[in-house]
Amino acid sequence: MSKSVLVTGVAGFLGRHIARHFAREGWRVLGVDEVAPENVPLSFVEYHRMQLPGAAFADLLRAKSPQVCVHAAGRASVGLSLEDPAADFHGNTVLVFALLDALRRHAPACRFLLLSSAAVYGDPATLPVTEAHEVRPLSPYGYHKRQAELLCEEFSRLYSVPTACARIFSAYGPGLRRQVVWDICEKVLSTGKLPLHGTGAESRDFIHAADIAQALRILATAAPCEGEIYNVASGREVTIAELAHALLNALGSPAQPQFDGRATPGNPLRWCADISKIAALGFTPSVKFETGIGAVARWAQAELTGA
């Protein structure tokens, strides 16, 4: 009998990469999302259209009995969480409670993997940041992801639902049409100029979607799933100025980044992760930053210019 994984938010950027990776590793993939089937071009996924949470999810658990549930659905915008914290709370906290409670009642042995975020750390006092570092979110998004982590701990400790949380750092890859990598490509290719907020000294720990998918598959099979937390990142700090120049070089653009010196509300100054905890389970990032950024630049150029 083949292993099965249920991926919520399968039509989204990370959901698609996660589903594809598990399928390549021989897993049966059950995909859940609310979009029309024709907008889910994943022929290897058994797709179930539904809006979460709801009774249909419980029916699916009872009918399919997946071994793992990777929760990639929810809201993923710091800016939107500041504008509409109620919607973010429902999408990132209330939804997680509903899914965990459905698992408790209908599939208590199913491993639940939460896609959390490095946003829970806020501005770390020391780098690289470990999972034991104090959490001090700067946005409703960060707070709601932290609340979702605590729900995973609650259901693991009190109801023995196996859970683990992956704190994703700065995800990137082909298919992501938002956030800083896409924004830079879009500005350069549409205007030939590159105005950016901040100073350029701000930094992130970029991790390719393919490596995020690999990390989740390792957690699905090797993690104890007792409510614990793992950093999922590359372990390399890259400044926004370095990112901008790498993308400009890949795009063949003579433009230069122009930083306005203004901080963006809700965003931290510097990020770099200690990934030794997940590395101990067998995780090693496989996509070098330079290689991954070059591929994304070529994809964005094709998307935006047809070239």
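The coordinates are above.
Read on for a plain summary of the structure. Everything numeric in this text was worked out from a predicted model, so none of it was measured.

### Focus: the nonpolar core
With 48 residues, the main nonpolar core has Ile18, Phe22, Val70, Leu113 and Leu216 as its most contacted residues. For this core, the elements supplying multiple residues, two or more each, are strand E1 (4–8), helix H1 (13–24), strand E3 (45–49), strand E4 (68–71), strand E5 (111–117), strand E6 (163–168), helix H7 (209–222) and strand E11 (226–232). The contacts of Leu113, once residues within four sequence positions are left out, are Val68, Cys69, Val70, His71, Ala164, Leu216, Leu219, Ala220 and Cys225. Counting 26 residues, the second largest nonpolar core, distinct from the first, contains Phe57, Leu100, Ala148 and Cys152.

### Describing the pairing of E5
For E5, the buried fraction is high: 7 of the 7 residues fall into the buried class. Burial along E5 is two-sided: Arg111, Leu113, Leu115 and Ser117 facing one way and Phe112, Leu114 and Ser116 facing the other are all buried. Sheet topology note: the E5/E6 ladder contains 6 bridges and is parallel. Along E6, the bridge assignment pairs Leu113 with Ala164. Handedness of the β-α-β unit built from E5, helix H5 (residues 140–159) and E6 comes out right-handed.

### Here's the deal with the environment of Thr199
Assignment of secondary structure puts Thr199 in the loop between strand E8 (194–196) and strand E9 (203–204). Look past the residues within four positions of Thr199 in its chain and what remains in contact with it is Phe259 and Gly261.

### Quick word on the environment of Trp271
Along the chain, the position of Trp271 falls in the loop between strand E13 (257–259) and helix H9 (276–279). Linking Trp271 and His144, residues 127 residues apart in sequence, is a C-alpha distance of 19 Å. Not counting chain neighbours up to four residues away, the residues in contact with Trp271 comprise Ala118, Ala119, Gly122, Pro124, Leu127, Phe169, Ser170, Ser203, Arg204, Asp205 and Glu237.

### Overview of unusual backbone geometry
A cis amide bond links Leu52 to the next residue, Pro53, at an omega of -10°. Turning to its location among the elements, Pro53 is positioned in the loop between E3 and helix H2 (55–64). Omega for the bond connecting Leu127 with Pro128 falls within 30 degrees of zero, at -5°, which places this linkage in the cis form. In this fold, Pro128 is placed in the loop between E5 and H5. Phi at Ser65 takes a positive value of approximately 45°, unusual for a residue other than glycine. Checked against the element boundaries, Ser65 lands in the loop between H2 and E4. Located in the positive-phi region is Cys225, a residue other than glycine, with phi close to 55°. By relative accessible area, which is 4% here, Cys225 ends up buried.

### Quick look at the packing of H2 against helix H4 (residues 85–106)
As a packed pair, H2 and H4 sit with axes 10 Å apart at the nearest point and diverge in direction by 40°. Regarding H2 and H4, the two cross each other, and that crossing is right-handed. Between H2 and H4, the residues in contact are Phe57, Ala58, Leu61 and Arg62 and Leu99, Ala102, Leu103 and His106, respectively. Class assignment of the residues belonging to the contact of H2 with H4 gives a composition of 6 nonpolar, 1 polar and 1 charged.

What counts, and where the lines are drawn
- Residues numbered from 1 in each chain as written.
- Predicted model: local features only at pLDDT ≥ 70, side-chain atom pairs only at ≥ 80, totals over all residues.
- Heavy atoms only, no water.
- Core = buried A, V, L, I, M, F, W, Y, C linked by side-chain atoms within 4.5 Å.
- Buried < 20%, exposed > 50% of the residue type's maximum accessible area, 1.4 Å probe, protein only.
- Helix = DSSP H or I, 4+ residues; strand = E, 2+ residues; numbered from the N terminus.
- Contact = heavy atoms within 4.5 Å.
- Pairing = 2+ DSSP bridges.
- Right-handed = clockwise from strand over helix to strand, strands pointing away.
- Axes fitted to C-alpha atoms, helices over the stretch in contact; angles between N-to-C directions.
- Left-handed = near helix turned anticlockwise from the far one by under 90°.
- Nonpolar A, V, L, I, M, F, W, Y, C, P; charged D, E, K, R; others polar.

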